[in-house]
Amino acid sequence: MDRNQAIQMYNSLSDELTQLRSELVALQRRESGLVKVVEGIKELFPDVITGDNNITGDNNHGTPRPRTESPVAQDASPRGQEAVLRVLEAVYPRSMTIEEMVAEMERRGWTPDSADPVGAVRASATRAVKNQRSRIERRRRGRSFQYRHKVEKSDAPNGEPGASDLFSDSEGDSDGTAS
């Protein structure tokens, strides 16, 4: 496989993964709604739900089993630094501004639960950059900052340059508040 084929495959699979995650979120919402309807029916007509007539999949004759989030469900809608990292991984090697990240998160259905989504993503991105284990870097571009997934030389395929080689400029990084 050459570099172009790898990039094409990566883009295709990333798009497919994004679509599957969106479908998963929709199915989880539907499941949540159906559980509420079933629970409402059980509350209105408790004598209807007995023994084998167990439409909710409950155990103990209508007593709901504890609901636990599956790893897939937790994975479906990342928040904070994890959402920032996933968006930047998906567009690598491209960099993004905060506003572009917010737009991408909205497109994926990952909009931060905040009155100020741009501020929330900016805070998450800033924390991610400062996190020693993070794979996100920030560079000033004119009056704004660009963020990007960081790939070290040892992680880059076929000895290609890592992010530190591709994502440099003469202006350097700053801790200003522009995005």
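Residues numbered from 1 in each chain as written. Predicted model: local features only at pLDDT ≥ 70, side-chain atom pairs only at ≥ 80, totals over all residues. Heavy atoms only, no water.

(A) Molecular detail of the packing of aromatic side chains. What the rule picks out here adds up to 0 aromatic pairs. Between the NZ or CZ atom of R138 and the centre of the ring of F145, over which it lies, the distance is 4.6 Å. (Phe/Tyr/Trp six-rings, centres within 6.5 Å; stacked < 30°, edge-to-face > 60°. Lys NZ or Arg CZ within 6 Å of the ring centre and 35° of its normal.)

(B) Region of the structure containing the packing of helix α3 (residues 80-91) against helix α4 (residues 98-108). At a minimum axis distance of 10 Å, the contact between α3 and α4 shows a crossing angle of 95°. Viewed along their axes, α3 and α4 adopt a mutual orientation that is roughly perpendicular. When α3 is examined against α4, the residues A83, V84, R86, V87, L88 and A90 are found in contact with a partner set consisting of M101, E104, M105 and R108. Residues of the contact of α3 with α4, tallied by class, amount to 7 nonpolar, no polar and 3 charged. (Axes fitted to C-alpha atoms, helices over the stretch in contact; angles between N-to-C directions. Helix = DSSP H or I, 4+ residues; strand = E, 2+ residues; numbered from the N terminus. Parallel < 35°, antiparallel > 145°, perpendicular 65-115°, else oblique. Contact = heavy atoms within 4.5 Å. Nonpolar A, V, L, I, M, F, W, Y, C, P; charged D, E, K, R; others polar.)

(C) A look at the nonpolar core. Core analysis: the biggest nonpolar cluster contains 18 residues, and V84, M101 and Y147 have the highest contact counts within it. For this core, the elements supplying multiple residues, two or more each, are α3, α4, α5 (117-130) and β2 (144-149). The element best represented in this core is α3, accounting for 6 residues. Once you skip the residues sitting within four places of it in the chain, V84 turns out to touch M101, M105, V121, S124, A125 and I136. (Core = buried A, V, L, I, M, F, W, Y, C linked by side-chain atoms within 4.5 Å. Buried < 20%, exposed > 50% of the residue type's maximum accessible area, 1.4 Å probe, protein only.)

(D) Representation of unusual backbone geometry. That bond from Y92 to P93 is cis: its omega, 15°, falls within 30 degrees of zero. Mapping P93 onto the fold places it in the loop between α3 and α4.

(E) Highlighting the side chain of S124. Tracing the chain through its elements places S124 in helix α5. Residues in contact with S124, not counting those within four places in the same chain, are G80, Q81 and V84.

(F) Structural view of the pairing of β2. Across the 6 residues of β2, 5 count as buried, placing the element largely inside the fold. Inspection of the sheet shows strand β1 (residues 136-141) paired to β2 by 6 bridges, in the antiparallel sense. Bridge pairing links R138 to Y147 in β2. Counting the residues in the hairpin turn of β1 and β2 gives 2 residues, including G142, whose phi is positive at 65°. (Pairing = 2+ DSSP bridges.)

(G) Molecular detail of α5. Look at α5: 20 Å from first C-alpha to last across 14 residues, which is about the 20 Å you get at 1.5 Å a residue. By the burial criterion, the buried members of α5 are V121, S124, A125 and A128. For α5, the angular spread of the buried residues around the axis is 100°, confining them to a single face. At its buried positions, α5 is contacted by α3, α4, β1 and β2. (Expected span 1.5 Å × (residues − 1). Arc of directions from axis to C-beta.)

(H) Fine view of the packing of α3 against α5. At a minimum axis distance of 8 Å, the contact between α3 and α5 shows a crossing angle of 85°. Relative to α5, the element α3 lies roughly perpendicular. Every residue of α5 that contacts α3 at G80, Q81 and V84 is listed here: V121, S124, A125, R127 and A128. Residue composition of the contact of α3 with α5, by class: 4 nonpolar, 3 polar and 1 charged.

(I) Inspection of the pattern of salt bridges at higher detail. The full count for this structure, using the stated rule, is 5 salt bridges. The closest approach of N and O atoms between E82 and R86, which form a salt bridge, is 3.0 Å. With a gap of 4 residues between them, E82 and R86 both fall in helix α3, about one helical turn apart. Take E82: its relative accessible area is 37%, and that puts it in the partly exposed class. Residue R86 is classed as buried on the basis of its relative accessible area, which comes to 11%. Residue E99 pairs with R122 through a salt bridge whose shortest N-O separation is 4.0 Å. (Salt bridge = Lys/Arg side-chain N within 4 Å of Asp/Glu carboxyl O.)

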